[in-house]
Amino acid sequence: RINHVTPGSMAACTPLKSILSACIDVARQAGEVMKKVKASGKLDAKDKYVGPSLDQSTLTDPVTIADVESQRLIEHALLKAFPGIIVIGEEGKLEPGEEIYTPKLDLLNDEKFPERYTSIPTADITVWVDPLDGTKSFIMDNLDVVTCLIGISVRGSATAGVIYYPWRDKLVWGVVGHGIGGDLAPLSSLEPRARRKSVCWFAELEKLKKHAYAALKTPVGSVTGTGSAGNMIIKVMEGEYDSYFHCANNKWDTCAGEAILRAVGGTLTDFYGKPYFYDKSMPHRNATGVVASMFDHATYLPFCGDEAFLKAEEKWGMLYKVASWGCASVALLASGVIVARRINQRK
């Protein structure tokens, strides 16, 4: 799923302003691809691991031609403009189309980014792409929550991102240490509140209620299920909800949203309060859950500070290691006995 270019073509450095401008442009272009596919009625929807289904509402992990073609446009436009960067997309490595879009690099010329972003070693940049976040919503015509997510990590840290809603023509971008731009609701209306409303992926609603939410020392007041990770992070930023939970998603789901959230003082971690690392070498899965909030982040962590849970986890972890070592030792001993017997038989 990692898309490389030849080392010989690597540029020494890349300005963050230019690559973020390109991401803003290609996100909008990808939105046009989605609209055209939806209007055609030919989605070619199928489950990634099962295949086509007559009942599209039953697809567990769906993909459509809009997902693939949107990523194809984004991936190769960025690689064309910035040879040497790494692009990791949800739909894997794609071959270029007949024409490769040339993105605009000057959309942010009036912005004054921190000096450290003026020239970034190209090898330090990884771009995480979810070309169509909310595919099931796309299939079922819940189009207002569908987003395009493009996150930029620098040395493994979520640094800049773009979230675009094609059917609302709403785009938000952000840079850690600089701030945000686009169509986000005024942040002045956001303040810590005691209501503790939370949002999560609709398919995990009951699971999260039973486990993650039940483990909170300070309960949430209400939980709502909806779609698209990018959409849910924006809802937290705009104050509609106070926290967002997900049992396990992928780095292309969170890199853009985390960068924008951090740009305005918010936080995204796993269930244990640990940050995710977005280097190209890292596993794609956010395996230990996702929690995002604007305020009081520690109070939304199901397992943070839960000494009984952590001690139990440590205990079972040690038991597992001891059992593993024991099994390995027994297997090694058994192998030695078998080898010794064969040697004796040959004698």
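This structure is a prediction, so every number in the text was calculated from the model and none was measured.

Peer 1: Would you take a moment to explain the overall build of the chain for this structure?
Peer 2: Per the secondary structure count, the chain includes 7 helices and 19 strands. Here the chain holds 347 residues, and the buried ones make up 49% of them. The contacts of the chain with a sequence gap of at least 6 include a subset with a gap of at least 24, amounting to 71%. Element-wise, carbon and sulfur atoms account for 55% of the exposed surface of the chain, whose accessible area totals about 16800 Å².

Peer 1: Is there a simple way to think about the pairing of strand 12 (residues 179-182) in this case?
Peer 2: Put simply, side chains in a regular strand alternate between the two faces of the sheet. Burial along strand 12 is one-sided: the residues Gly179 and Gly181 are buried and none of Ile180 and Gly182 is. Relative to strand 12, strand 11 (residues 170-175) runs antiparallel, the two sharing 4 bridges. Bridge pairing in strand 12 places Trp173 opposite Gly181. Once strand 11 ends, the chain turns through 3 residues before running back antiparallel as strand 12, passing Gly177 with a positive phi of about 90°.

Peer 1: What exactly am I supposed to notice about the confidence of the model for the chain here?
Peer 2: Caution is warranted with low-pLDDT regions, since their predicted coordinates should not be read in detail. On average, residues of the chain carry a pLDDT of 86, and 79% of them reach 70 or more. Within the model, pLDDT remains below 50 along residues 4-11, and this stretch shows 10 contacts once partners closer than five positions in the same chain are excluded. The low-confidence segment residues 305-317 (pLDDT under 50) makes 8 contacts with residues lying over four places distant or belonging to another chain.

Peer 1: I tried to follow unusual backbone geometry on my own but got confused; where do I start?
Peer 2: Leaving glycine aside, a negative phi is the common case for residues, and trans is the common case for peptide bonds. If you check the backbone angles, Arg155 has positive phi at about 50° while not being a glycine. Examined against the element boundaries, Arg155 turns out to sit in the loop between strand 9 (147-154) and strand 10 (157-165). Here Arg155 falls in the exposed class, since its relative accessible area comes to 51%.

Peer 1: Whenever I open this one, the packing of helix 1 (residues 16-40) against helix 2 (residues 65-81) confuses me. Can you help?
Peer 2: Describing two packed helices takes the angle between their axes plus the distance from one axis to the other. Relative to each other, helix 1 and helix 2 sit at 155°, their axes nearing to 9 Å. Looking at the two axes, helix 1 sits roughly antiparallel to helix 2. Like other packed secondary-structure pairs, helix 1 and helix 2 cross with a definite hand, here right-handed. Where helix 1 approaches helix 2, its residues Ala22, Cys23, Val26, Gln29, Ala30, Val33, Met34 and Val37 are matched on the opposing element by Ile65, Ala66, Glu69, Ser70, Leu73, Ile74, Ala77 and Leu78. Each residue belonging to the contact of helix 1 with helix 2 can be placed in one class, and the counts come to 13 nonpolar, 2 polar and 1 charged.

Peer 1: What is the right way to look at the packing of aromatic side chains in this model?
Peer 2: To describe a pair of aromatic rings, one takes the distance between the centres and the angle between the planes. Scanning the entire structure with this criterion turns up 6 aromatic pairs. Where Phe245 meets Phe271, the ring centres are 6.2 Å apart and the plane angle is 55°; that geometry is what we call tilted. Highlighted residues: Phe245 in strand 15 (residues 243-246) and Phe271 in the loop between strand 17 (267-269) and strand 18 (285-286), separated in sequence by 26 residues. For the residue pair Phe245 and Phe271, the accessibility class agrees, reading buried in each case. In textbook terms, an aromatic cluster arises when at least three aromatic residues are bridged by ring pairs, as seen for Tyr213, Phe245 and Phe271. Cation over ring: Lys17 sits above Phe113, and NZ or CZ is 5.8 Å from the ring centre. Lying over the aromatic face of Tyr165, Arg168 brings its terminal NZ or CZ to 4.4 Å of the ring centre.

Peer 1: Is there a simple way to think about the sheet that holds strand 14 (residues 222-226) in this case?
Peer 2: What links the strands of a sheet is backbone hydrogen bonding, and the strands pair in either a parallel or an antiparallel sense. Here we have 5 strands laid out as an open sheet, ordered 14-13-15-19-17, and mixed in their pairing. Of all strands in the sheet, those bounded by a partner on one side alone are strand 14 and strand 17. Each neighbouring strand pair of the sheet contributes to a mean axis angle of 20°, computed without reference to strand direction. As judged from the 5 bridges shared by strand 13 (residues 197-201) and strand 14, these two strands associate in the parallel manner. Each residue of the ladder has a partner; that of Cys200, found in strand 14, is Gly225. Lying on the sheet, helix 5 (residues 229-237) is in contact with strand 13, strand 14, strand 15, strand 17 and strand 19 (290-293); it crosses strand 15 at an angle near 155°. Each of strand 17 and strand 19 touches helix 6 (residues 251-263); the most contacted strand, strand 17, lies at about 145° to it.

Peer 1: Whenever I open this one, helix 6 confuses me. Can you help?
Peer 2: Note that an α-helix has 3.6 residues per turn; residues three or four places apart therefore point the same way. Its 13 residues give helix 6 an end-to-end C-alpha distance of 18 Å, which sits within 8% of 18 Å, the value for a rise of 1.5 Å per residue. Most of helix 6 sits out of view: 12 of its 13 residues are buried. Taken together, the buried positions of helix 6 are Lys251, Trp252, Asp253, Thr254, Cys255, Ala256, Gly257, Glu258, Ala259, Ile260, Leu261 and Ala263.

Peer 1: What should I look at first to understand the pairing of strand 8 (residues 125-133) in this one?
Peer 2: Burial analysis of strand 8 places 9 of its 9 residues in the buried class, which makes it a mostly covered element. One ladder, built from 4 bridges, connects strand 6 (residues 86-89) with strand 8; its direction is parallel. Bridged to Ile88 within strand 8 is Trp128. Relative to strand 9, strand 8 runs antiparallel, the two sharing 7 bridges. Note that in strand 9 the partner of Ile125 across the bridge is Val154.

The rules we used
Residues numbered from 1 in each chain as written. Predicted model: local features only at pLDDT ≥ 70, side-chain atom pairs only at ≥ 80, totals over all residues. Heavy atoms only, no water. Helix = DSSP H or I, 4+ residues; strand = E, 2+ residues; numbered from the N terminus. Buried < 20%, exposed > 50% of the residue type's maximum accessible area, 1.4 Å probe, protein only. Contact = heavy atoms within 4.5 Å. Areas by Shrake-Rupley, 256 points an atom, 1.4 Å probe, with all protein chains shown as cover. Pairing = 2+ DSSP bridges. pLDDT = per-residue confidence, 0-100. Axes fitted to C-alpha atoms, helices over the stretch in contact; angles between N-to-C directions. Parallel < 35°, antiparallel > 145°, perpendicular 65-115°, else oblique. Left-handed = near helix turned anticlockwise from the far one by under 90°. Nonpolar A, V, L, I, M, F, W, Y, C, P; charged D, E, K, R; others polar. Phe/Tyr/Trp six-rings, centres within 6.5 Å; stacked < 30°, edge-to-face > 60°. Lys NZ or Arg CZ within 6 Å of the ring centre and 35° of its normal. Expected span 1.5 Å × (residues − 1).

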